[in-house]
Amino acid sequence: ELEEEVVAILKEYDYWDDRSVWKPYGNIQNNRSIVSNQQSSAVAALVEKLVNSIDAVLTAECYRRGVDPKSPNAPQSMREATQKYFGIKDGRIQSLDSSERTRFAQRIQLVACGTKDKPAYIIVDDGEGQSPDQFPETFLSLVRENKIRIPFVQGKFNMGGTGVLQFAGENNFQLIISKRQPDAFTNSNDSDKDKWGFTLVR
């Protein structure tokens, strides 16, 4: 929960100073111009992460029904996806009562931990997830067309999620832990499709 703990662990296992185990985000050496030009406030950057979780949950539901999210059979808007997959009238969350909202809200959780002076935030969702092999092409990619052909998601440009990094403490840490949902498509030669993966951004 504290940066000092993370640094201590990385030093204990000889990762902190070993540059061979670290790669530039998005495999782009000069990526600061992208990462630092997303959101102007920490709150907006955090909201972007939650938006990505919403996209992941909707995509997971699409896969769960055997539909390719990029195909014409997929919902053509977020509202349509919300109505089709969750039975929410006209796709409008505001039409739900508080207990129904709570039930859906449990699929994406924002947890605060750490200390008051040095808070840490955890976002947990049950979205599509990614296998370890796919981390470089998904979570750790920049300006790729990962979601541009999925009509019902909000995040299209493959860069907004990096906006939190400039607000993430002294070391800009971001830990990502994920596993691909069993219903979601995986490449047949992905040897890690059933495994959990993790990566740390610094």
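Residues numbered from 1 in each chain as written. Predicted model: local features only at pLDDT ≥ 70, side-chain atom pairs only at ≥ 80, totals over all residues. Heavy atoms only, no water.

**Observations concerning the packing of aromatic side chains**
The criterion, for reference: Only centres within 6.5 Å qualify two rings of Phe, Tyr or Trp (six-membered ring in Trp) as a pair; their planes then separate them into stacked at under 30 degrees, edge-to-face at over 60, and tilted for everything else. A run of DSSP states H or I qualifies as a helix once it reaches four residues; a run of E qualifies as a strand once it reaches two. Both are numbered from the N-terminal end. Categorising residues by exposure relies on relative accessible area from a 1.4 Å probe, with only protein chains included: less than 20% of the type maximum marks a residue as buried, more than 50% marks it as exposed, and the intermediate range marks it as partly exposed. Definition used: whenever NZ (Lys) or CZ (Arg) falls within 6 Å of the ring centre and also within 35 degrees of the ring normal, the charge is taken to sit over that ring.
Under the defined criterion, the tally for this structure stands at three aromatic pairs. Measuring from centroid to centroid gives 5.3 Å for Phe 86 and Phe 104, while their planes differ by 65°, and the two rings are edge-to-face. Linking Phe 86 in helix H4 (residues 78-86) with Phe 104 in helix H5 (residues 98-105), this pair joins segments that are 18 residues apart in sequence. Judged by centre distance (5.1 Å) and plane angle (85°), the rings of Phe 135 and Phe 139 are edge-to-face. A relative accessible area of 4% places Phe 135 in the buried class. Given the relative accessible area of 30%, Phe 139 is considered partly exposed. Sitting over the face of the ring of Phe 104, Arg 103 holds its NZ or CZ atom 4.5 Å from the ring centroid. For the cation-ring pair, Arg 202 lies above Trp 16, with the distance from its terminal atom to the ring centre recorded as 3.9 Å.

**Description of the pattern of salt bridges**
To keep things clear, this is the line we draw: A pairing counts as a salt bridge when a side-chain nitrogen of Lys or Arg comes within 4 Å of a carboxyl oxygen of Asp or Glu.
Under the defined criterion, the tally for this structure stands at twelve salt bridges. Note that Arg 64 is salt-bridged to Glu 61, the shortest N-O span being 2.5 Å. Residue Arg 64 and its partner Glu 61 are located together in helix H3 (residues 42-64), separated by three residues, close to a single helical turn. Relative accessible area serves as the criterion here: at 6%, Glu 61 is assigned to the buried category. Several salt bridges share partner residues, and in doing so they unite Glu 61, Arg 64, Arg 65, Arg 107, Asp 126 and Asp 183 into one network.

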